[in-house]
Amino acid sequence: MKKQVLMAVLPLMVWGCGDPTDADNDGVADGIRDPNNVSVVVPSTPKGTVSGQVLSTTLQPIADVQVAMTIGSQPTGKSATTDASGNFVMTDVPAGAQVLLTFSKSGYSTLRATSTVPSSAGTVPINNGNASFGPVTLTQLNGSLSVTVVTPQGRPAVGAKGVLEVDKAGSVILSNYDQANSVVSKVYVEATADANGVMTFNGIPAGIELARLNGTYNLWIAPMDSNGDGVVDTGGYSQSYSGSTIVTTQSTYLAQLAYSKPSGTGNLSIMGGNVGSLRGETDPLRNMVRPGEPIYVYFNQPVQPGSLLVRLTDEYAKESLPVTASVNVGGYSVTINPASGIVQEGKEYNIFVRAVSAEGGTNISQTGFFFGGDQTAPRSVSITDVRYQETSSIAPASTQLNSGETVYVTFSAPIKALLGSTVQVFFNEDLDGNGGLGNVQGEVGNASGFLLSSAEPVAPYVVSTPAEKPVFGIIPSTYSTRYSFTYSGANFFSQQQISSLKFKVEFSKLIQQGATDAYETIWGQPLNEDVNGTGMVIQPRNPNP
């Protein structure tokens, strides 16, 4: 009995103790024939296979497709080539490995797909697990797509650059047993619009092939910078077309570029600059241009360079002053340069700007004013010119200051009455010829002088009939260098006498009347001190028609 027990146990001890071999990789120890006495051998490095088939979109085999495998992060991989039936297989692939296959052939789209090689069946590690790819379908790159690109104004967008993405250009037909879990097959082609604005993308899948795969053509056209100044002149363009759409409609599509700013910007308008009156700001400190400094104008949308018209005049708008103007920053700004010496300290100027939007064609015609000067450097105010308007054509009255004639006083910088008070002018002269001062209106020492009122120009001096018209209609700034009063003295003065007449504008009298800071300069400085003047000249009379 003991001998029989030993013989029955011995085989189990041999199989359970030692290192059984499995040279044929069937998972069973070599030499075992009895199904009731099987010993499973766990593979130390399980291996598997990767296989598949490559077809066209019409399900015809594609031979000579290069299949390159990348295994995880390993530096080297495997490769294979499809046979006449489109089949390929790669063996000795580590089980459990993540693999990336790249399918490529000249004239066909490239496809990349990932999968995992099986490493177990349930809880039992196995050899010869297979990762199946396919069938894999690839499209031919023998199609083309043309797009006519136009500017926002409807003209050919010559030189526009675009990229066409074809997605998807290939596929992996999966079944319940397939292991592929990521598939990418896209084609990218670049093109440039020709002289007619036509952008043609060649070497892409034809629409009929893409329709079979339910793929799309995704088009992107970049914004244009036609003048190379670094600022785009137009917006870009983006559109998608399905393969079915390409099959059923025309082969050439229209792509109209957008404006460089979002829609809804409205009409063209001036947004900024150093002349605030062009956008409704009347504060003189927001309308001050230093002599020699350019005038800057900024728009809310680009303007057409050829549409720009700029005119500049002095305070009287009698004639245009020389300026040059350039459009910059893709049409969003204009730089205006008055000729050397044109803009002078303390002078007022009128400006007219006209431009047409590059985005939709709206236009703007804007009139404004500005003053020559530095905001940070106020100047004192003096009298620079006094003249009277001759009204009589009868000698000798035509050459002398007579009662009822208007006298114009020009200051060295524009000023403004703030409180509704009116400054007065007093002559240090014997206006009535009685040998004394102060006994009649307008003489120094009298309580009443000649009221000096603003005579801000809206047109040139009237020296002819019909009167000269301004270069363009000007708008008042409410600050002016020109003021006037009506002379009403009993005595007249000859041309020789008026050249030496002495007078003063008594701003100090307003203080005595409680009207402190009743006048100010364009720098915001109060005028509380008297300003003296000597001599007049004749402003030629307005002749009868």
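Residues numbered from 1 in each chain as written. Predicted model: local features only at pLDDT ≥ 70, side-chain atom pairs only at ≥ 80, totals over all residues. Heavy atoms only, no water.

### Notes on the overall build of the protein chain
Each helix and strand in the protein chain was counted, giving 5 helices and 38 strands. Across the 545 residues of the protein chain, 42% fall into the buried class. Summarising the internal contacts of the protein chain: among those between residues at least 6 apart in sequence, 68% fall at separations of at least 24. Surface exposure of the protein chain reaches about 26600 Å², of which carbon and sulfur atoms provide 51%. (Helix = DSSP H or I, 4+ residues; strand = E, 2+ residues; numbered from the N terminus. Buried < 20%, exposed > 50% of the residue type's maximum accessible area, 1.4 Å probe, protein only. Contact = heavy atoms within 4.5 Å. Areas by Shrake-Rupley, 256 points an atom, 1.4 Å probe, with all protein chains shown as cover.)

### Digging into the side chain of Thr-82
In this structure, Thr-82 sits in the loop between strand S3 (78-81) and strand S4 (87-94). Among the polar contacts listed, one links the side chain of Thr-82 to the backbone nitrogen of Asp-64, at a separation of 3.0 Å. Side-chain polar atoms of Thr-82 contact the backbone nitrogen of Val-65, separated by 2.9 Å. (Polar contact = N/O pair within 3.5 Å; in protein donor to acceptor, adjacent residues only side chain to side chain.)

### Examining unusual backbone geometry
The omega torsion of the bond from Asp-167 to Lys-168 falls at 10°, within 30 degrees of zero and hence cis. Here Lys-168 lies in the loop between strand S11 (161-167) and strand S12 (170-172). With a phi angle near 55°, Asp-517 is a residue other than glycine that sits in the positive phi range. Relative to the helices and strands, Asp-517 resides in the loop between helix H5 (508-512) and strand S36 (519-521).

### Description of the pairing of strand S27 (residues 383-389)
Sheet topology note: the S27/strand S29 (residues 406-417) ladder contains 5 bridges and is antiparallel. The partner of Asp-385 across the bridge, within S29, is Thr-410. In the sheet, S27 pairs with strand S38 (residues 537-539) via 3 bridges, with the strands oriented parallel. Note on S38: the bridge partner recorded for Tyr-388 is Ile-538. (Pairing = 2+ DSSP bridges.)

### Regarding the sheet that holds strand S25 (residues 348-356)
The strand order across the open sheet built from 4 strands is S20-S26-S25-S22, with neighbouring strands paired in mixed fashion. With partners counted over all chains shown, the strands left at the sheet margins are strand S20 (288-289) and strand S22 (309-314), one partner each. Bridge count between S20 and strand S26 (residues 363-372): 2 bridges; the pairing is parallel. Each residue of the ladder has a partner; that of Met-288, found in S26, is Phe-371.

### Some thoughts on the pairing of strand S23 (residues 323-328)
Where S23 and strand S24 (residues 333-338) come together, 6 bridges link them in antiparallel fashion. Across the sheet, Val-327 pairs through a bridge with Val-334, a residue of S24. Between S23 and the antiparallel strand that follows it, S24, lie 4 residues; Val-329 among them carries a positive phi value of about 50°.

### With respect to the side chain of Ser-51
Note that Ser-51 resides in strand S1 (residues 47-56). Discounting chain neighbours no more than four positions away, the residues touching Ser-51 are Phe-88, Val-89, Asn-130, Ala-131, Ser-132 and Phe-133.

### Considering the pattern of salt bridges
Throughout the structure, instances matching the rule amount to 9 salt bridges. One salt bridge connects Lys-186 with Glu-165, and the closest N-O pair in it is separated by 3.6 Å. Of the two residues, Lys-186 sits in strand S14 (residues 186-192) while Glu-165 sits in strand S11, which places them 21 residues apart along the sequence. Assessed through its relative accessible area of 8%, Glu-165 is described here as buried. A salt bridge links Glu-281 to Arg-279, with the shortest nitrogen-to-oxygen separation between them at 3.2 Å. In this structure Arg-279 comes out as partly exposed when scored by relative accessible area, which is 25%. Salt bridges here are not isolated pairs; linked through shared partners, they connect Glu-165, Asp-167 and Lys-186. (Salt bridge = Lys/Arg side-chain N within 4 Å of Asp/Glu carboxyl O.)

### Section: the confidence of the model for the protein chain
Residues of the protein chain with pLDDT of at least 70 account for 85%, and the chain-wide mean is 83. Low pLDDT, under 50, characterises residues 1-18; the predicted model gives this stretch 3 contacts beyond four residues in sequence or across chains. Low pLDDT, under 50, characterises residues 175-179; the predicted model gives this stretch 9 contacts beyond four residues in sequence or across chains. (pLDDT = per-residue confidence, 0-100.)

### A word on the packing of aromatic side chains
This model, assessed by the stated rule, comprises 17 aromatic pairs. Measuring from centroid to centroid gives 5.7 Å for Phe-88 and Phe-103, while their planes differ by 70°, and the two rings are edge-to-face. Placement of the pair is Phe-88 in strand S4 and Phe-103 in strand S5 (residues 98-104), with a sequence separation of 15 residues. An angle of 70° between the planes, with centres 5.3 Å apart, marks the rings of Phe-507 and Tyr-519 as edge-to-face. Taken as a pair, Phe-507 in the loop between strand S35 (502-505) and H5 and Tyr-519 in strand S36 lie far apart in primary sequence, 12 residues in all. Like Phe-507, the residue Tyr-519 is buried in the burial classification. Pairwise contacts between aromatic rings join Phe-427, Phe-450, Phe-485, Tyr-487, Phe-493 and Phe-503 into one cluster. (Phe/Tyr/Trp six-rings, centres within 6.5 Å; stacked < 30°, edge-to-face > 60°.)

### Here we look at the nonpolar core
Phe-411 and Phe-427 are the most contacted members of the largest nonpolar core, which has 38 residues in total. At 5 residues, the largest contribution of residues to this core is made by S29. Beyond its immediate stretch of four places on either side in the chain, Phe-411 contacts Val-381, Ser-382, Ile-383, Thr-384, Leu-452, Thr-481, Tyr-483, Val-505 and Phe-507. Counting residues in hydrophobic clusters, the runner-up holds 26 residues, among them Ala-157, Val-166, Tyr-241 and Leu-257. (Core = buried A, V, L, I, M, F, W, Y, C linked by side-chain atoms within 4.5 Å.)

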